[in-house]
Amino acid sequence: MARWCYRHRLVVLLLWVGALFGLGFAGSSAGTNYADTFSLPNTDSKRAYDLMEKAFPERAGDTDTVVWKVDGGSVRDESVRSRIEPALVEIGKMKGVGAVTDPYADGGAAQISKDGRIAYAQVTFAEQANAVPKELVEDVVDTAQDAERDRLSVELGGQAIQRVQEPPTGLAELVGVGAAAIVLYLAFGSFLAMLLPLAVAVFGVGTGMFSTQLLSHVTNVPELASLLATLIGLGVGIDYALFIVTRHRRGIMRGEKPEDAAVTALNTSGRAVLFAGGTVVIALAGMLVMNLRFLDGVVIGTAVTVVLSVLAAVTLLPALLGLLGMRVLSRRQRRRLAAEGPQPDRTSGLAVRWSATVERNPRKVAALAVVVMAVLALPLLSLRLGTTDQGNDDATTTTRQAYDLLAEGFGPGFNGPLQVVTENPDTDGLVTGIRDTEGVAQVVALPPGQGVTVIQVVPTTSPQSVETDELIDTLRDQVIPEAGVSAHVGGVTAVSKDFSSVTADRLPYFILAIIGLGFLLLMVAFRSVVVPLTAAVMNLIAAAASFGVLVAVFQYGWGLDLLGLGKEGPINSFLPVIMLSLLFGLSMDYQVFLVSRMHEEWVHTRDNARAVRVGLAETSRVINSAALIMVCVFLAFVLSGDTGAAMAGVGLAAAVALDAFILRTALVPAAMHLLGNSNWWLPAGLEKRLPHLAVEPKEDAEPAPVAASTGATVVHGFVRDGEGAPLDGAVVILLSKGGRQLDRVNSLADGSYIVSAPAPGTYLLAATAPSYASRARHVVVTEEPLVHDVELADEEVDAVN
């Protein structure tokens, strides 16, 4: 498939462009129909919601609030009414506004605070918040705030209002892509190579986003799903392309033709990308077992985007590599390749020094890493799940100021009233019992509809406080049973509490499922019990530390002002499930990439210390580059204006950074040094029964070493120029098929050379000399010495055939 895509690159590119624009046109024409459904089956809040929907089906539109406050006097003063009432009348006449509840009208006295300084009006739109035209909401905001004057402030709250104060759509994505572009340019040193992962990510995320928009018309997809799908799609799309492009460039530098290098890269790193993408999708699908209906749409949106990102990496990327050819290398690299010939893989610098340090001091490195992760995980002990609201918005936003004004004028619980819903016609006893309950500020029984009565209960505490949760339990467990009626407690605050309770109850089973799945996959891939067990422990450590960071930032409020993220509050109850799924998938990516190289070296040498040292030295740079890109992309979603997306972005950025820079770079290799050869232990019974899964086929197809009694296997001959004259001092290198240098010599005065091969097999023989083009050939070595003469020409660059 890779070769076909490479050779038919224009066809593949046109198909992807057509898919992107076709889905984009369809998605733009159909619009979005996101549904933020937080209700849960078989919960008390869901039963309350069903009764309210049956009794009051007309309450479908989004209801927002206009709040005003005077610094002196009363909101009833004529000077205030003369400015507010005309604005409310004008808002009520706007097309798309269903009704405006005016505190100055008959029966509106309850909408004015006891001290007379704060009042509110409710604006009910004809559509839900995500369907209300932005222009209409902006007109409502402008009209209301035009009534402001000295000592009279007007603020607005509600979901529709919140949508218009968010930053421009795409800002977070642009910042993330820009940061990723800088990292890619530093990694590749080539502008064109830098564009390849970005192009793959754009096509993958673009088609995924438009597909999610279309799917929102046939199933419930929350708006958060689109943001999370974009966040994850950009991260994995860029990272997967980075792995493949890195392998492709390495192949060209070793002397392979661009087409052969692309095929090799897709057959090796491409397979790993398929495996990694599959594990991410499987982990996302694991959220379905939680039976949280809100998460179903998140699974659909993110899984579709990941699948399309992987598809772009294995089809569109080889086509783009075909368009670039040798230009995937920088000009400096192309000149060096032409002047010096194929370059063997050399690992040097910081990666090698760090790998040696870990080998020398595994106990110290492991202890330091464990201490750092433990300290970061400590805040997890005070984790409290809940739901953020507009009280967590930045203090400068109108939604936050409206929230604070309502709390000031009508009590903290006014922003999160409870609804006690019953079909019992006699509610007097129930109302009396609720009114006498500690923690209740106000109780109002609304006129019944369709035989259903809704009792509005305003707590004395805020929606996010522990006391409000305790009040809900008191109503359900004591007050309602004592009243002798059948009733259910609903409302946004009750739904949030039920969601958190169900999540906490089912989370251990979910963790067990995804950790068990990862253990089985890694055991099959690496034929070891200890390696997947180590990975499982590392995943739990990474999860604990990343949630500790999340609690410190969003629950304790450390750094919220610096990030411009408003006020501290509980952690969104859906976030642990989403973060654990994605952390599992992304950790598997890095674990597979790191340990597969170690496993390859172990198979060749049976030297655990060397295997761990070489694996870490050769993969740490790519893993760290990939992780840095993901951290940049995730952190950019702090700018999205959505608290849920910002929370997910910070949490995932912390998880990826800790996983890559501390666990995979320090703790995992240190632990593997300490465990020694037991890393690769697998019971004989399991070895026979387990299927063989080739995550990444061996690039070095080296046979087992020959017995010492057979003598050395060598390649020898002469190096001559185009006229047959011997070349003195030419460099001759014998490389494995994977590009590892096995022997290196200089030709003698008569042009002769001799290099040693470790065993019979296929190798790469490269030769170069000053002022001559390089030449490379695959040679097949048997137990007998192989004679192979090399001819170097002045103006010929001969790639591997």
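Residues numbered from 1 in each chain as written. Predicted model: local features only at pLDDT ≥ 70, side-chain atom pairs only at ≥ 80, totals over all residues. Heavy atoms only, no water.

Some thoughts on helix α7 (residues 171-188)
Here α7 spans 26 Å end to end across 18 residues, near enough to the 26 Å set by a 1.5 Å rise per residue. Of the surrounding secondary structure, the elements contacted by the buried residues of α7 are α8 (191-215), α9 (223-253), α12 (331-340) and α22 (608-636). Backbone geometry just downstream of α7 places G189 in the positive-phi region, at approximately 70°. (Helix = DSSP H or I, 4+ residues; strand = E, 2+ residues; numbered from the N terminus. Expected span 1.5 Å × (residues − 1). Contact = heavy atoms within 4.5 Å.)

Here we look at the packing of α8 against α9
Running from amino to carboxyl end, α8 crosses α9 at an angle of 145°, the nearest separation of the two axes being 8 Å. By crossing handedness, the relation of α8 to α9 is classed as right-handed. Along the contact surface, α8 presents A193, L196, P197, L198, V200, A201, V205 and M209, while α9 presents S226, T230, G233, L234, G237, I238, A241, L242, V245 and R249. Across the contact of α8 with α9, the residue classes break down as 13 nonpolar, four polar and one charged. (Axes fitted to C-alpha atoms, helices over the stretch in contact; angles between N-to-C directions. Left-handed = near helix turned anticlockwise from the far one by under 90°. Nonpolar A, V, L, I, M, F, W, Y, C, P; charged D, E, K, R; others polar.)

Thoughts on the sheet that holds strand β9 (residues 487-490)
The strand order across the open sheet formed by four strands is β7-β8-β6-β9, and the pairing between neighbours is antiparallel. Strands at the two margins of the open sheet, each flanked by one partner only, are β7 (440-445) and β9. Averaged over all adjacent pairs, the angle separating strand axes in this sheet is 20°, with direction ignored. As defined by bridge partners, strand β6 (residues 418-422) adjoins strand β8 (residues 453-459) across five bridges and the pair is classed as antiparallel. (Pairing = 2+ DSSP bridges.)

Things to note about a nonpolar patch on the surface
A contiguous nonpolar patch, built from I182, Y185, L186, F191 and L195 and spanning about 540 Å² of accessible area, is present on the exposed surface. Looking at the nonpolar patch, the elements that each hand over two or more residues are α7 and α8. In this fold, L195 is placed in helix α8. Here L195 falls in the partly exposed class, since its relative accessible area comes to 34%. (Patch = residues over 30% accessible without salt bridge, like charges linked within 9 Å, V, L, I, M, F, W, Y side chains within 5 Å. Areas by Shrake-Rupley, 256 points an atom, 1.4 Å probe, with all protein chains shown as cover. Salt bridge = Lys/Arg side-chain N within 4 Å of Asp/Glu carboxyl O. Buried < 20%, exposed > 50% of the residue type's maximum accessible area, 1.4 Å probe, protein only.)

Some points on a negative patch on the surface
A surface patch of like charges, here negative, comprises E90, E135, E138, D139, D142, D146 and E148. By residue number, the principal contributor to the negative patch is helix α5 (residues 134-145), which donates four residues. Within the secondary structure, D146 is located in the loop between α5 and β4 (152-157). (Lys, Arg positive; Asp, Glu negative; His and termini not counted. Charge placed at Lys NZ, Arg CZ, Asp CG, Glu CD.)

A few points about helix α23 (residues 643-675)
Maximal helix bending in α23 amounts to about 50°, located at L663. Extensive coverage of α23 is indicated by the burial of 29 of its 33 residues. (Bend = angle between axes of the 7 residues up to and from the residue.)

Re the pattern of salt bridges
Evaluation of the coordinates by the stated rule reveals 13 salt bridges. Here R81 and E85 are joined by a salt bridge, their closest N and O atoms 3.2 Å apart. Here R81 pairs with E85, and both are found in helix α4 (residues 78-93), just four residues apart, close to one helical turn. Residue R81 is classed as partly exposed on the basis of its relative accessible area, which comes to 26%. The partner of D404 in a salt bridge is R400, and the shortest N-O contact between them spans 3.1 Å. Here R400 and D404 lie together in helix α15 (residues 398-410), a separation of four residues that amounts to about one turn. Using a relative accessible area of 35% as the deciding quantity, one classes D404 as partly exposed. In this structure R400 comes out as buried when scored by relative accessible area, which is 12%. When salt bridges with common partners are traced through the structure, they connect R3, R7, E259 and D260 into a single cluster.

Things to note about the pairing of strand β11 (residues 713-721)
Taken together, the six bridges between β11 and strand β14 (residues 752-757) define a ladder with antiparallel strand orientation. Residue pairing for β14: V715 is matched across the bridge by V755. Pairing between β11 and strand β17 (residues 786-787): two bridges, direction parallel. Bridged to H716 within β17 is V787. Direction of pairing for β11 relative to strand β18 (residues 790-792): parallel, over a ladder of three bridges. Bridging across to β18, D721 finds its partner in L792.

So, the pairing of strand β15 (residues 761-768)
In terms of residue burial, β15 counts as a mostly covered element, since seven of its eight residues are buried. Across five bridges, strand β12 (residues 731-735) lies against β15 in antiparallel orientation. Counted as the bridge partner of L734 is L765 from β15. With seven bridges joining them, β15 and strand β16 (residues 775-781) adopt antiparallel strand pairing. Among the inter-strand pairings, L765 is bridged to a residue of β16, identified as R777.

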